Amino acid sequence: SAVISQKPSRDICQRGTSLTIQCQVDSQVTMMFWYRQQPGQSLTLIATANQGSEATYESGFVIDKFPISRPNLTFSTLTVSNMSPEDSSIYLCSVVGHAASSGEAFFGQGTRLTVV
Amino acid sequence: AQSVTQLGSHVSVSEGALVLLRCNYSSSVPPYLFWYVQYPNQGLQLLLKYTTGATLVKGINGFEAEFKKSETSFHLTKPSAHMSDAAEYFCAVSTGANSKLTFGKGITLSVRP
């Protein structure tokens, strides 16, 4: 199994501020994804983090609100900008193409964000 | 485009009873299908997957699922529920390896003593 370290595990933030979430994988992966899980809801894909190029965003998500970086094949960050209480969610990093994978995705433990 | 339907939001069974969690999918290409489990305050853990080959797949913790193309279904079963099976279960579909996942809305499984 992949070892995915996601930091922070939780945070409480003031509205209007920004939070950067980090995702570190123990070996190179093909693709990295960022998902949002709102309270009591399923997972919704925010964007695909592409190494060496801009992220690809899903409908309803924009780069100004959720800037993403992926400087190499094992690391990515997601920033939640100008936060509002509606951004309170669990944010999950996911990877595919890991050496331990045979087609499945692996997930980090998630970042539980509360905006007050 | 792909989609996943998980009917109902909550299933409750007695310990030792059969567990059946339903999943139907829609995909324009042959799908890769997955079941993930999420325990409280944890990330997602893969239970089992179907990519190609045998349509009955076995996963961890005694779970299994059968891919039925004619019914576009991938229902999850376990013959005998255990208290430790109480969790949130998500069915997901992708178009292949290294592809993004589309999740169903999830089902909460409760197990009664």
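Bear in mind that the values here come from a model prediction, so they are computed numbers and not experimental data. (Residues numbered from 1 in each chain as written. Chains lettered and ligands numbered in written order. Predicted model: local features only at pLDDT ≥ 70, side-chain atom pairs only at ≥ 80, totals over all residues. Heavy atoms only, no water.)

Draft legend 1. Examining the overall build of chain A more closely. Scanning chain A from terminus to terminus reveals 0 helices and 11 strands. Moving toward the C terminus, one meets the helices and strands of chain A in the order β-β-β-β-β-β-β-β-β-β-β. Radius of gyration (C-alpha) of chain A: 13 Å, near the 13 Å computed for a compact globule of 116 residues. Its C-alpha atoms give chain A principal-axis dimensions of roughly 40 × 25 × 20 Å. By residue count, 52% of the 116 residues in chain A fall in the buried class. Considering only contacts within chain A whose residues lie at least 6 apart along the sequence, 55% involve residues at least 24 apart. When the accessible surface of chain A is totalled, it reaches about 5300 Å², and 48% of it is carbon and sulfur. The positive charge centre, built from 7 side chains, and the negative charge centre, built from 8, are 8 Å apart in chain A. (Helix = DSSP H or I, 4+ residues; strand = E, 2+ residues; numbered from the N terminus. Rg over C-alpha atoms; globule rule 2.2 N^0.38 Å. Buried < 20%, exposed > 50% of the residue type's maximum accessible area, 1.4 Å probe, protein only. Contact = heavy atoms within 4.5 Å. Areas by Shrake-Rupley, 256 points an atom, 1.4 Å probe, with all protein chains shown as cover. Lys, Arg positive; Asp, Glu negative; His and termini not counted. Charge placed at Lys NZ, Arg CZ, Asp CG, Glu CD.)

Draft legend 2. Representation of the sheet that holds strand β7 (residues 68–72) of chain A. Residue and element names in this part refer to chain A. Taken together, the 4 strands give an open sheet; going across it, the order is β1-β3-β8-β7, and neighbouring strands pair in antiparallel fashion. Where the open sheet ends on each side, the last strands, each with one partner, are β1 (4–7) and β7. Each strand axis lies, on average, 15 degrees off the axis of its neighbour in the sheet, ignoring direction. (Pairing = 2+ DSSP bridges. Axes fitted to C-alpha atoms, helices over the stretch in contact; angles between N-to-C directions.)

Draft legend 3. Quick peek at the pattern of salt bridges. All names here are of chain B. Applying the stated criterion across every chain yields a total of 5 salt bridges over all chains. The partner of Lys78 in a salt bridge is Asp85, with the nearest N and O atoms 2.8 Å apart. Looking at Lys78, the relative accessible area reads 10%, which means it is buried. Look at Asp85 and you get buried, because its relative accessible area is 2%. (Salt bridge = Lys/Arg side-chain N within 4 Å of Asp/Glu carboxyl O.)

Draft legend 4. Main features of the layout of surface pockets. Its volume calculated, the largest pocket comes out at about 240 Å³. For the largest pocket, the lining is made up of 16 residues, of which A:Phe107, A:Gln109, B:Leu44, B:Gln45 and B:Leu46 are closest to its centre. Only β10 (106–107) of chain A together with β6 (44–50) of chain B provide two or more residues apiece to the lining of the largest pocket. Ranked by residue count, the leading element in the lining of the largest pocket is β6(B), at 3 residues. Among the residues making up the lining of the largest pocket, the classes are represented as 10 nonpolar, 6 polar and no charged. Lining the second largest pocket are A:Gln37, A:Gln38, A:Pro39, A:Gly40, A:Gln41, A:Ser89, A:Ile90, A:Arg112, B:Gln38, B:Glu88 and B:Phe90. Those elements that provide at least two residues to the lining of the second largest pocket are β9 (89–96) of chain A together with β10 (87–94) of chain B. For the lining of the second largest pocket, the class distribution of residues is 3 nonpolar, 6 polar and 2 charged. (1 Å grid on protein atoms, 1.4 Å probe; cavity = no way out; pocket = protein on both sides within 12 Å on 5 of 7 lines; lining within 4 Å. Points joined across faces, edges and corners; volume = space filled by probe spheres on them. Nonpolar A, V, L, I, M, F, W, Y, C, P; charged D, E, K, R; others polar.)

Draft legend 5. The interface of chain A and chain B, seen in detail. Contacts between the two partners involve 22 residues from chain A and, on the opposite side, 20 residues from chain B. Counting across the interface, chain A meets chain B through 2 salt bridges. Residue contributions to the side of chain A that touches chain B peak at 4 residues, all from strand β4 (residues 31–37) of chain A. Residue composition of the side of chain A that touches chain B, by class: 9 nonpolar, 9 polar and 4 charged.

Draft legend 6. How the structure looks around the state of the cysteines. Per the stated rule, a full pass over the model turns up 2 disulfides over all chains. Linked covalently through their sulfurs, A:Cys23 and A:Cys93 form a disulfide whose S-S length is 1.9 Å. A torsion of -65 degrees about the S-S bond marks the disulfide between A:Cys23 and A:Cys93 as left-handed. On the criterion of sequence distance, the pair formed by A:Cys23 in strand β3 (residues 19–25) and A:Cys93 in strand β9 is long-range, its members being 70 residues apart. One disulfide in the model links B:Cys23 with B:Cys91; its S-S distance is 1.9 Å. One disulfide, between B:Cys23 and B:Cys91, carries an S-S torsion of -65 degrees and so falls in the left-handed class. Here B:Cys23 is found in the loop between β3 (19–21) and β4 (24–26), whereas its partner B:Cys91 is found in strand β10, with 68 residues between them in sequence. (Disulfide = S-S within 2.5 Å.)

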